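One letter stands for each residue in the lines below.
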Amino acid sequence: MQEQADGKTPGLSAEEEREIDEKLPPRAAVLHETIRIQGDHELERSIAALWWSALAAGLTMGLSLMAMGLFRSRLGPSDESHVIASLGYSAGFLAVILARQQLFTENTLTAVLPVMTKLTLNNVGRLLRLWGVVLCGNLAGTLLVAWVMLRLPIFDTQTDLAFLEIGRKVMENDVSKMLAKGIISGWMIATMVWMIASMESAKIAIIVLITYLMALGDFTHIVVGSVEVSYLVYAGEVSWGDFWLVFAGPTLAGNIIGGSFIFALLSHAQIRSERDVIAKRERDKHKLLEELRRSRKD
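Residues numbered from 1 in each chain as written. Predicted model: local features only at pLDDT ≥ 70, side-chain atom pairs only at ≥ 80, totals over all residues. Heavy atoms only, no water.

Let us now look at the overall build of the chain. In terms of regular secondary structure, the chain is built from 14 helices and zero strands. Ordering the α and β elements of the chain from the N terminus gives α-α-α-α-α-α-α-α-α-α-α-α-α-α. Pairs at least 24 apart in sequence give 83% of the contacts found in the chain among residues at least 6 apart. Accessible area for the chain stands at about 15,800 Å²; split by element, carbon and sulfur atoms hold 62% of it. (Helix = DSSP H or I, 4+ residues; strand = E, 2+ residues; numbered from the N terminus. Contact = heavy atoms within 4.5 Å. Areas by Shrake-Rupley, 256 points an atom, 1.4 Å probe, with all protein chains shown as cover.)

Right, let's get into the UniProt feature "transmembrane region" (unreviewed entry) in the chain. Here, the residues flagged by UniProt with the feature "transmembrane region" (unreviewed entry) are residues 49–71, 83–99, 128–150, 178–197, 204–224 and 244–266. Segment residues 49–71 splits into 96% helix and 0% strand. End C-alpha atoms: 34 Å apart. Helix makes up 100% of residues 128–150 and strand 0%, and the two end C-alpha atoms of the span are 33 Å apart. (UniProt positions renumbered as here; feature names shortened; annotations may be inferred.)

Residue position: V170 is located in helix α10 (residues 157–171). Sequence-wise, V170 and V229 are 59 residues apart; in three dimensions their C-alpha atoms are separated by 7.2 Å.

Right, let's get into the side chain of S86. Mapped onto the elements, S86 comes out in the loop between α5 (79–85) and α6 (90–98). By relative accessible area, S86 is classed as buried at 1%. Polar side-chain contacts of S86 include one of 2.6 Å to the backbone oxygen of H82. Setting aside chain neighbours within four positions, we find S86 in contact with Y212, A215 and L216. (Buried < 20%, exposed > 50% of the residue type's maximum accessible area, 1.4 Å probe, protein only. Polar contact = N/O pair within 3.5 Å; in protein donor to acceptor, adjacent residues only side chain to side chain.)

Time to look at a nonpolar patch on the surface. Taken together, the side chains of F71, L75, V83, I84, L87, L209, L213 and L216 make up a nonpolar region of the molecular surface, amounting to roughly 630 Å² of accessible area. Listing elements by their share of the nonpolar patch, those giving two or more residues are α4 (62–75), α5 and α12 (203–216). The leading source of residues in the nonpolar patch is α12, at three residues. Mapped onto the fold, L75 is located in helix α4. The exposure class of L75 is partly exposed, given its relative accessible area of 41%. (Patch = residues over 30% accessible without salt bridge, like charges linked within 9 Å, V, L, I, M, F, W, Y side chains within 5 Å. Salt bridge = Lys/Arg side-chain N within 4 Å of Asp/Glu carboxyl O.)

Inspection of the secondary structure puts I257 in helix α14 (residues 240–297). Judged by its relative accessible area of 29%, I257 is partly exposed. As a C-alpha pair, I257 and L179 span 78 residues in sequence and 9.2 Å in three-dimensional space.

At R100, a residue that is not glycine, the phi angle is positive and equals roughly 60°. Not every positive phi belongs to a glycine, and D218 is a case in point at roughly 55°. Looking at the secondary structure, you find D218 in the loop between α12 and α13 (222–234).

Here we take up α12. Taking 1.5 Å of rise per residue, 14 residues should cover 20 Å, and α12 covers 20 Å from first to last C-alpha, within 8% of that figure. Among the residues of α12, those classed as buried are K203, I206, I207, I210, T211, Y212, M214 and A215. D218 sits one or two positions beyond α12 and adopts a positive phi of about 55°. (Expected span 1.5 Å × (residues − 1).)

With that settled, the discussion passes to the packing of α4 against α6. Taken N-terminus to C-terminus, the directions of α4 and α6 make an angle of 150°; their axes are 6 Å apart at the nearest point. In terms of orientation, α4 lies roughly antiparallel with respect to α6. Handedness of the crossing formed by α4 with α6: right-handed. For the pair α4 and α6, contact is made by L63, S64 and A67 and by A91, G92, F93 and A95, respectively. Its residues placed into classes, the contact of α4 with α6 shows five nonpolar, two polar and no charged. (Axes fitted to C-alpha atoms, helices over the stretch in contact; angles between N-to-C directions. Parallel < 35°, antiparallel > 145°, perpendicular 65-115°, else oblique. Left-handed = near helix turned anticlockwise from the far one by under 90°. Nonpolar A, V, L, I, M, F, W, Y, C, P; charged D, E, K, R; others polar.)

Here you go:
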């Protein structure tokens, strides 16, 4: 087949070229701007709106522990059981993201891009305000739902024991492992947010895939893990000191490092580099036009 000098296939109609453009994946700059706009909207929300949405998200995240415990209690302790029960980990994320509730680890990417694009004290303040409110709301919801799951006569003994086993598995990690696994978890959540912006129609599949892998790898997540570990605290197996110092602190730091300082920073650097190349092309083009005008005058 003969091809044009610019590499395009000859004989395509305008309608066919438009169809090709529609099927092409969005450029990274488009995804960056889409997420940046979403983050800017989140930064503008009132404290009350952020708080109630974050509290609801924390409560909803109890679904992850609930689903995993129910699977595990029915399947029994085995490697095969872990492979299947890990699917339950996705339940809370699906409910929170599809309901558009505030999840802290999503905001380690979404709300950070506007700040990286325009680094001002005002934007940094808005980011810290959002992070503080959403994190407190998420943790309040997780602590409440864990207490309800343990204290109220909802589940049978076998399921209660499964909840305890899940929490014990988290606390097998020392501080360094909590941090390292938290970094991977934060990076994976940021990747999930980026992928959803690229393929909105595949949102459910993306959420299930990423969070299922997180559960299989036993990576630590500040919100889901708060349900699992606080359940142990209420059961008297772990102290609040261990909850905050061994689990929550290192995991939170890891999630922020993975989501903000690795994924968001690299993504922003990529777009900035691309923007610099485009700007250089525009300057070179303008310079060439100026030289042509001068040559014509001479």
